[in-house]
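Survey of secondary and tertiary structure
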Amino acid sequence: MYQEQYRTTELEDWVSTMYNKMGITKPSLINEQTISRYFEIFLKKKPMNSSFHIFGRYRDIVIDEREPLEKQREIFFHELCHILRHAGIQSMMPTAFRELQEWDAQHFTQYAAIPHHMLKYIPFQEHDVVNQMSLMFQVSPELCEMRLEQVKRRLQTTRNITY
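Note that the coordinates shown come from a computational prediction; the quantities given were computed from them, not determined experimentally.

The next point concerns the pattern of salt bridges. A complete count under the given rule lists 7 salt bridges for this structure. Lys44 is the salt-bridge partner of Asp60, the closest N and O atoms lying 3.2 Å from each other. With Asp60 in strand β3 (residues 58–64) and Lys44 in strand β1 (residues 42–46), this residue pair connects regions lying 16 residues apart in the sequence. Assessed through its relative accessible area of 3%, Asp60 is described here as buried. Of the charged contacts, one joins Lys152 and Glu149 as a salt bridge, the two residues approaching to 3.9 Å between their closest N and O atoms. One end of the pair is Lys152 and the other is Glu149, both in helix α6 (residues 141–162) and 3 residues apart, which spans about a single turn.

Our focus in this paragraph is the sheet that holds β1. What the 3 strands build is an open sheet, ordered β1-β3-β2; its pairing is mixed. Strands with a single pairing partner mark the edges of an open sheet, and in this sheet they are β1 and β2 (51–55). Across the sheet, the axes of successive neighbouring strands diverge by a mean angle of 20°, strand direction being ignored. Two strands pair when backbone bridges link them, and β1 and β3 are joined in this way by 5 bridges, in the parallel orientation. If you follow Phe42 over to β3, its bridge partner there is Asp60. Relative to β3, helix α3 (residues 69–85) is tilted by about 155°, and along the sheet it contacts β1, β2 and β3.

Bringing helix α5 (residues 129–137) into the picture now. Val129, Val130, Met133, Ser134 and Phe137 are the residues of α5 that are buried. End-on view of α5: buried residues confined to an arc of 135°, all on one side of the axis. Directly after α5, the chain includes Gln138, whose backbone phi takes a positive value near 55°.

What follows concerns a nonpolar patch on the surface. On the surface, Phe97, Leu100 and Trp103 cluster together into a nonpolar patch covering about 330 Å² of accessible area. Mapped onto the elements, Trp103 comes out in helix α4 (residues 95–113).

With that settled, consider the packing of aromatic side chains. Applying the stated rule across the entire model yields 5 aromatic pairs. Plain terms: the ring middles of Tyr38 and Phe39 are 4.9 Å apart, the flat faces sit at 85° to each other, and that makes the pair edge-to-face. Grouping aromatic residues by their ring pairs yields a cluster made of Phe42, Phe55 and Tyr58.

Cut-offs applied
Residues numbered from 1 in each chain as written. Predicted model: local features only at pLDDT ≥ 70, side-chain atom pairs only at ≥ 80, totals over all residues. Heavy atoms only, no water. Salt bridge = Lys/Arg side-chain N within 4 Å of Asp/Glu carboxyl O. Helix = DSSP H or I, 4+ residues; strand = E, 2+ residues; numbered from the N terminus. Buried < 20%, exposed > 50% of the residue type's maximum accessible area, 1.4 Å probe, protein only. Pairing = 2+ DSSP bridges. Axes fitted to C-alpha atoms, helices over the stretch in contact; angles between N-to-C directions. Contact = heavy atoms within 4.5 Å. Arc of directions from axis to C-beta. Patch = residues over 30% accessible without salt bridge, like charges linked within 9 Å, V, L, I, M, F, W, Y side chains within 5 Å. Areas by Shrake-Rupley, 256 points an atom, 1.4 Å probe, with all protein chains shown as cover. Phe/Tyr/Trp six-rings, centres within 6.5 Å; stacked < 30°, edge-to-face > 60°.

Encoded structure:
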């Protein structure tokens, strides 16, 4: 249904390429530890606010273990985006640049949690598609709803352009 009409963004393509290089081809293979090891990032879960750190070649992500597991996964992708795609100290940068990084991290989180090359596993026609996605990708229903709306908007935009 969507595959012929859906147009990906460069960021979606980047995430899917990254996953394919790691052999992550289906939802059950998306694993924070595997991804962290691939990028040589230490992953820690502690009862403290989530964050990332870069000191020279050392990189880590700290996830607040007090958060629900679904939320921990989303936090991981958000912090991963900052490590892989961003530079600078957010508290010292102009507001607009910081907001741009946060916008990018929000989209990266959606694409990393529910990548384009795995949309084929989603039962779009089912009435409980959001719950099925949440279980399949181990993320919150809210993130699934956001991703579904994004896919629908992109399909609608593509149809409007091609017709």
